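Descriptive structure summary
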Amino acid sequence: MKKWIQAFTALCLMLTVLFTATLTVHAEDDSLQRVQDSGQLVIGTSADFPPFEFYAGEGDDQEIVGMDILIAEKIADDLGVELVIQDMEFDSLLPALETNKIDMIVAGMTPTAERRESVNFSDIYFQTFQNIMVRDGDKEIYDSIESLAGQTVGVQTGTLQEELAQQIPDVELMQLSNINDLILALETNRIEAIVMQGPNAVAHAENSDTLYTFEGEFELDEQDQGSAIAIRYGEDALVAAVNESLAEIAEQNLTEEYLATAGEYMAQDSDEGFASKYWSYFLDGTLMTLFISLIGVLVGLVLGFILSLMRLTKNVIVRFIGSAYVEFVRGTPLLIQVMFIYFGVGIFFNLPALTAGIIAVSLNSGAYICEIIRGGLNSVDSGQTEAARSLGMSKRQSMRYVIFPQALKNIWPALGNEFITIIKESSIVSVIGVGELIFQTRIVRSASFEGILPLIITMLIYFIITFTLTKLLNYYEGRMNHD
Amino acid sequence: MISVKHLKKSFGKNEVLKDINEEINQGEVVVVIGPSGSGKSTFLRCLNLLEEPSDGEIVFEGTSLTGLKEQDLNQLRQKMGMVFQQFNLFPHMTAQKNLTISPVQTKGVSQQQADQKATQLLQQVGLGDKLDAYPASLSGGQKQRVAIARALAMDPDVMLFDEPTSALDPEMVGEVLNVMNELAKSGMTMVVVTHEMGFAKEVADRILFMDDGYIVEQGTPEEIFENPRNARTQNFLAKIL
């Protein structure tokens, strides 16, 4: 037990030292040079936020558009580089910036005092206002902050609006990370109102007959009033360059032009049906989900095989390492593992989100597959080993010719189940912006202003995949039992 | 052929074999009897080191098995056939494959040669028509006969039988004992743990009576069955005969 604690403490210490070391060492400010050398300006955004950033287009040609994107394009143009957009959950933006996944955040972000503690901000490029969104039928009842006293109000996690909502007397908050989920909650009477950024609220209300929005008259700090671009501390050269572009935008009053363009995109309601317009998203997402799961199971199989051998060997240290790995991975949520690999390990190696996601899923499934293999081997009667050994077979020979072939019979179905589990669990990699099924669903919900329909479709897709696989497995399991 | 010197075996705090000294000679059929829990099976399993002795020495054909390297032990085990109570046939292989897998893999016998020998051995135990049968399709008595043939396929110098008929339905005991009988007549050295007193009387050259981790008494079948000297032997025989 003591050894365990020592080892664990040592590990924690090592990790802490490594991390603080890399985080506190600041190189000289080569930020501007770096971006120009790479030829790319990578911005992070959360594209469920019209008119600032959202998906629009026809059928397959959906892309992220909006005022923020136009601003980012202008900045990229001024720097003479290409604009690259990474879409992720709003919550993940700050960690992504701090771990160098992106160069800046352009996501209608308000430079609150709290955020200023961790990142630097450009000048404010858009003076905004804060709205309250209610159901159209309730607009007579709820018309002010006070009228919402004691009610349940929705806010997006980690946003300025989350703080502002506290100004409603005795308010109960429902915090969700996705605006579309909030609107769905409002439409289905789960909450009475949403505190939303003004232009975003107006955009949604204009696209819906059932929503109504009005300005909230919250008490605000002067600096909380606008949107700005977040950039890492120590990258003042980049901030200066951005501010230059922003000044030009302000001078020429380009924001109004940008907003108008964004509005046109939103008004582009084609006659196409939902299915024909968005099916390619579901297809892409499904293929990506299957791809991640398949790689996860295959790599996990190799890893699990090695781990199970480690756990069966006589060498105490090797066995300890194997057991510790399996117990640790099985004892922590996949969500944390995904974020750790992407953001944590990403400090040392710049892993693309998909790679990080696949690595996390594989490492995770390796631990479970190890236990499947071990369980399969243990399920073979000990008399089989005894018979093999008494015939003079070596350990390796009895494992190979006698134990393993029999264990496989138990391992195959369990592996199939693990594959099905991974198909469902891999949805977690959507938090770091991997375009699997859940992520694509989010895009469809954002682009279509449909709250529930995409969820139903996605649910059906998952069910069809897992149900078919289960049936297939049962079929093969039945056939294997013949002998 | 097998010398057992001061053999002791404990499972945790439970001392199963306390001090066993025994000599098994070439061509001898030794039957071990005794109440359950007396250590008979453990004694037998120590002979080919399926159980590792806690203390003492096992010498087989001049080589001490205890403290032997894994590889050398495997080679010696090839000369000690073992038959189990639960048969322990390999369920994923046909009867013939059960017989050939070890000769081919451990002794480098060609598959063709091994197949021929397997056919002949299965005929010998009366199962010439079951070459391609999987164990699941065989009766208990048939399984045990395949198991005996499997052990014989390695050309062993000695055969160890661990209660070979205890898991069988009564009507199948005879067919297995017959095979063992034939084997004994052919001059095979055998150590048999069994409750079949009829077999012991008829086939054994020597009977060991074990109780509480010791060999309490030994002698010819006549000596043990007609005229047991030890009170515990008398007590045991009174209960089962």
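Residues numbered from 1 in each chain as written. Chains lettered and ligands numbered in written order. Predicted model: local features only at pLDDT ≥ 70, side-chain atom pairs only at ≥ 80, totals over all residues. Heavy atoms only, no water.

What to know about the pairing of strand S1 (residues 40–45) of chain A
Residues and elements named next belong to chain A. Most of S1 is tucked away, with five of its six residues classed as buried. Two strands pair when backbone bridges link them, and S1 and strand S5 (residues 82–87) are joined in this way by six bridges, in the parallel orientation. When the sheet's bridge partners are listed, Thr45 is paired in S5 with Asp87. Summarising the sheet, S1 and strand S6 (residues 104–109) pair through two bridges and their orientation is parallel. Pairing of Ile43 across the sheet is with Met104, part of S6. (Buried < 20%, exposed > 50% of the residue type's maximum accessible area, 1.4 Å probe, protein only. Helix = DSSP H or I, 4+ residues; strand = E, 2+ residues; numbered from the N terminus. Pairing = 2+ DSSP bridges.)

As for the sheet that holds strand S13 (residues 211–215) of chain A
Residue and element names in this part refer to chain A. Ordered in space as S11-S10-S12-S9-S13, the five strands form an open sheet in which the pairing is mixed. Each edge of the open sheet is held by one strand with a lone partner, namely strand S11 (172–176) and S13. Sheet twist, expressed as the average angle between the axes of neighbouring strands with direction ignored, equals 30°. Lying over the sheet, helix H7 (residues 179–187) contacts strand S9 (130–135), strand S10 (152–156), S11, strand S12 (193–197) and S13, oriented at roughly 150° with respect to S12. (Axes fitted to C-alpha atoms, helices over the stretch in contact; angles between N-to-C directions. Contact = heavy atoms within 4.5 Å.)

Structural notes on the packing of helix H12 (residues 316–330) of chain A against helix H14 (residues 353–378) of chain A
Residues and elements named next belong to chain A. The interhelical angle for the contact between H12 and H14, taken along N-to-C directions, is 115°, at an axis separation of 9 Å. Crossing of H12 against H14: the hand is left-handed. Contacts between H12 and H14 involve Tyr325, Val326, Val329 and Arg330 from the former and Leu363, Asn364, Ala367, Tyr368, Cys370 and Glu371 from the latter. Of the residues assigned to the contact of H12 with H14, the class counts are seven nonpolar, one polar and two charged. (Left-handed = near helix turned anticlockwise from the far one by under 90°. Nonpolar A, V, L, I, M, F, W, Y, C, P; charged D, E, K, R; others polar.)

Examining the domain arrangement of chain A
Residues and elements named next belong to chain A. Domain parsing of chain A yields domain 1 (2–126 + 226–267), domain 2 (130–221) and domain 3 (274–482). Using C-alpha coordinates to define each centre, domain 2 is positioned 40 Å away from domain 3. With six residues of domain 2 in contact, the opposing surface of domain 3 contributes seven residues. Together, Asn180, Leu184 and Asn207 form the three largest contributors to the area buried by domain 2 at its contact with domain 3, with a combined 62%. Counting every contact that joins domain 2 to domain 3 gives one salt bridge. Asp181 is the partner of Arg445 in a salt bridge, and the nearest nitrogen-oxygen pair spans 2.3 Å. (Domains from an automatic or database assignment. Buried area = accessible area lost by both parts, 1.4 Å probe. Salt bridge = Lys/Arg side-chain N within 4 Å of Asp/Glu carboxyl O.)

A look at the packing of aromatic side chains
By the definition in use, this model includes nine aromatic pairs over all chains. Ring geometry for Tyr342 of chain A against Phe343 of chain A: centres 4.9 Å apart, planes inclined by 55°, an arrangement best described as tilted. Residue Tyr342 of chain A shares its accessibility class with Phe343 of chain A, and that shared class is buried. Relative to Phe236 of chain B, the ring of Phe209 of chain B has its centre 5.3 Å away and its plane inclined at 40°; by these criteria the two rings are tilted. Of this pair, Phe209 of chain B sits in strand S9 (residues 206–211) while Phe236 of chain B is found in helix H9 (residues 231–240), placing the two residues 27 residues apart along the sequence. Like Phe236 of chain B, Phe209 of chain B is buried. An aromatic cluster is built from Phe49, Phe52 and Phe126 of chain A, whose rings are joined through pairwise contacts. Sitting over the ring of Tyr342 of chain A, Lys101 of chain A keeps its end group 4.3 Å from the ring centre. Lying over the aromatic face of Phe225 of chain B, Lys201 of chain B brings its terminal NZ or CZ to 5.3 Å of the ring centre. (Phe/Tyr/Trp six-rings, centres within 6.5 Å; stacked < 30°, edge-to-face > 60°. Lys NZ or Arg CZ within 6 Å of the ring centre and 35° of its normal.)

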